[in-house]
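Now for the letters of each chain:
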Amino acid sequence: MDNAAHDPAIALQGIEYAYPDGTRALVGINLSIAPGERVALLGPNGAGKSTLILHINGIVRASVGTAAIQGTQLTDATVRDIRSRVGLVFQDPDDQLFMTTVYDDVAFGAQNMGLDRDEVDRRVHEALHAVGLADTASRPGQHLSFGQKKRIALATVLAMSPEVLVLDEPTSNLDPRAKRKMVSLLESLDSTLVVATHDMELAWTLCERAVVIDGGRVVADGPAKKIMTDEDLLDTHGLELPPSVRASRDLR
Amino acid sequence: MTPASHDKHGSPQGVHRHVHAHDAEPKHRHPHHHTERDAPAHEHTHGTGFHALTYICSPIHELDPRAKIASALAIVIAVVVGPPPRAEEFGALVALLVAIALLARLPVLRVLKRSTLVIPFAGTIALFAPLQGDAGSLNVTGFATAYAGGGWIAAWAILSKAWLSAFTMLILAATTPPPQLFEGMARLHMPRIIIMLLSFIFRYADVLRAQIVSMRRAIASRGYALSRWRTLKLYGHLAGNMFIRSYERGERVYASMLARGYTGVLPTTEHLSFTLTDVLATTTMLLAAFALLLY
């Protein structure tokens, strides 16, 4: 889907990263994601998914390699612009709801973009409506249920109208009802989506492309239908078939 | 059938009126847009009981936070700077504060109980005051001598002033939701960094509390047979663990702030308006403070 006029939404080339203690977290990562694609980032714990995600908006800088968002190279000068275009949603909502009310949290990103008060207000309400929690605006974030916090965390990023959304374990620790709400919410979004997850069913439902990372390397990259049905591949890398795929196989 | 002491929604009456999804007009300070259709009316909580007090509707709660902060500060300064309060002064001030608490529809006894938390701290300091007395003698037998008189008065001064200040501040805290409190402080030109620290403490105190509770449960589950000394040592480890966890959480929160474009200045969005009521309230309290100081 890459053609010359269309820069990839995310282009990571030769990314290498080592932790301060010397452990190599990422080794030669090459990843190109086209605008509008929905990619599942799969891999066992410790594979480097979360570390890789932090490279996409420049919170962590690779020691070797480059990152580019929609054609713009990630440098000290462009990092702020890139952060307004790439929305990163972390795994623990408590780390992202740090203001005193939900409204303040959702407005935070939009305000940092320098928008005026009315525009910020409009975006906050749009974002809260999008996640279905418009009535929580004046409440402190900590008094919401876990599922609600996860959705508000998403709203805090949606208010910045990012073209690229990167999510780290969006359905972890959610009860079935909250999980259903989150999945339908993610399905309704039309930005480029990168979802790092263990939830094979979520990846299967949501994404058309799957990238498997293990030991800091990309070990598989292709259509979800091909990768997430390859039982041996998944097994080797600490994963398993999505439940619906396994169910349809058991029926045969 | 809900008991007579509870309103028709089952909430205890007097302390907390709450609007529900099916109410016609809101009696509550939350601007509600619309509620989730499939969520039960009470899906959220109001945190610890004390924080819930800030959601009560009362004339005091309606006041601009700047008026309340300025008034509270005036009273505290008058109390602290003035001479040891005489019985009439003390009584008058307590009456004033209790009246304000009643006007604010606060559960006065509960607030009073909470205000006594300051007594152990002030008391420890006050304990040594009689020993110092007018002559500044640290002699243990000084308790009974003529020199001790001044010391007893000093002890009374320390305790009464500490308690009065705590009570005043508690009323301020109970009648002002934290976002408004912080915005009020910012508008009154308190240093931004202090306000930022306070708002993070407010935000994450509950989270830390929950972590401590779960660790204590783990200790109780597996360490119930330990001696007192070993348990104490374990709590030392718990404290160290909490420090590390909080430090790492701080890093993660910072990362998520960066991810949303943080440049070093925390934006605020509270709308405040200083009305005539606020002016009158502040003036009254300032006059009261002056009276206290000069009388």
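Here we summarise the structure given alongside this text. (Residues numbered from 1 in each chain as written. Chains lettered and ligands numbered in written order. Predicted model: local features only at pLDDT ≥ 70, side-chain atom pairs only at ≥ 80, totals over all residues. Heavy atoms only, no water.)

Details of the interface of chain A and chain B
Put simply, the test is: Contact between two residues is taken to exist if any of their heavy atoms lie within 4.5 Å; hydrogens are not considered. A 1.4 Å probe defines the accessible area here, and the buried area is the portion of it lost by two parts on being joined, summed over both. By salt bridge we mean one thing: a side-chain nitrogen of Lys or Arg within 4 Å of a carboxyl oxygen of Asp or Glu. Any pair of N or O atoms that falls within 3.5 Å is considered a polar contact. Within protein, one atom must be able to donate a hydrogen and the other to accept it, and sequence-neighbouring residues count only if both atoms are side-chain atoms. Where helices and strands are cited, they refer to DSSP runs of H or I of at least four residues and of E of at least two residues respectively, numbered from the N terminus.
If you look at the interface, chain A gives 43 residues, while chain B gives 41 residues. Roughly 3800 Å² of surface becomes buried between chain A and chain B when both sides are summed, with 52% attributable to carbon and sulfur atoms. Among the residues of chain A in contact with chain B, D95(A), F98(A) and H143(A) are the three that bury the most area, contributing 18% of the side total. Applying the counting rule to chain A against chain B returns 5 salt bridges. Notably, a salt bridge pairs D94(A) with R203(B), separated by 2.9 Å at the nearest N-O pair. Here chain A and chain B share 9 residue pairs in polar contact (both at pLDDT 80 or more) between them. If you list the elements that add at least two residues to the side of chain A that touches chain B, you get helix 2 (79-85), helix 3 (102-112), helix 4 (117-130), helix 5 (146-158) and helix 6 (176-187) of chain A.

With respect to the pairing of strand 6 (residues 86-89) of chain A
Across a regular strand the side chains alternate sides, sitting on one face of the sheet and then on the other. Residue and element names in this part refer to chain A. The criterion, for reference: Summary of the burial criterion: residues with accessible area below 20% of their type's maximum are buried, those above 50% are exposed, and those between are partly exposed, where the area comes from a 1.4 Å probe applied to protein chains only. Pairing between strands is defined by DSSP: at least two bridges between them are needed.
Along strand 6, one buried face is formed by V86 and L88 and the opposite face, lined by G87 and V89, is buried too. Bridge analysis of strand 6 against strand 7 (residues 164-168) gives 4 bridges, and the strand direction is parallel. Note that in strand 7 the partner of V86 across the bridge is V164.

Some remarks on the sheet that holds strand 2 (residues 24-33) of chain A
Residue and element names in this part refer to chain A. Strands sit in the order 2-1-4-5 across an open sheet of 4 strands; the sheet is antiparallel. Single-partner strands in this sheet number two, and they are strand 2 and strand 5 (72-73). Bridging between strand 1 (residues 10-18) and strand 2 involves 6 bridges; their strand directions are antiparallel. Of the residues in strand 2, the one forming a bridge with I15 is I29.

Considerations on the side chain of T51(A)
Along the chain, the position of T51(A) falls in helix 1 (residues 49-56). T51(A) gets classed as buried once you look at its relative accessible area, which sits at 9%.

A closer look at helix 3 (residues 65-81) of chain B
All names here are of chain B. This is how it is decided: A helix is expected to span 1.5 Å for every residue after the first.
For helix 3, built from 17 residues, the straight-helix expectation of 24 Å at 1.5 Å per residue is met to within 8% by its first-to-last C-alpha distance of 24 Å. Here helix 3 lies mainly inside the structure; 12 of its 17 residues are buried. When helix 3 is considered as a whole, its buried residues turn out to be P65, R66, A67, K68, I69, S71, A72, A74, I75, V76, A78 and V79. Looking at where helix 3 begins, the residue whose side-chain oxygen comes 2.8 Å from the main-chain nitrogen of R66 is D64.

Some thoughts on the packing of helix 3 of chain B against helix 11 (residues 276-294) of chain B
Residues and elements named next belong to chain B. Spelled out, the test is: Only the stretch in contact is used when a helix axis is fitted, and all axes are lines through C-alpha atoms; the angle between N-to-C directions ranges over 0 to 180 degrees. We call two directions roughly parallel when the angle between them is under 35 degrees, roughly antiparallel when it is over 145, roughly perpendicular when it lies between 65 and 115, and oblique otherwise. By the convention adopted, Pro, Cys, Tyr, Trp, Phe, Met, Ile, Leu, Val and Ala count as nonpolar, Lys, Arg, Asp and Glu as charged, and the other residues, Gly among them, as polar.
Interhelical geometry of helix 3 versus helix 11 gives an angle of 0° and a closest axis separation of 9 Å. One way to sum up the angle between helix 3 and helix 11 is to call them roughly parallel. Taken together, the residues of helix 11 that come into contact with helix 3 (itself represented by A67, A70, S71, A74, I75, A78, V79 and V81) are D278, A281, T282, M285, L286, A289, L292 and L293. Considering only residue class, the contact of helix 3 with helix 11 consists of 13 nonpolar, 2 polar and 1 charged.

What about the sheet that holds strand 7 of chain A?
All names here are of chain A. In spatial order, the strands read 6-7-8-3-9-10; together these 6 strands make up an open sheet with mixed pairing. Edge positions in the sheet fall to strand 6 and strand 10 (217-223), since each of these pairs with one other strand and no more. Adjacent strand axes in the sheet meet at a mean angle of 15° when their direction is disregarded. Judged from the 5 bridges that link them, strand 7 and strand 8 (residues 192-196) form a sheet pairing that is parallel. Considered in strand 8, the bridge of V164 is made with T192.

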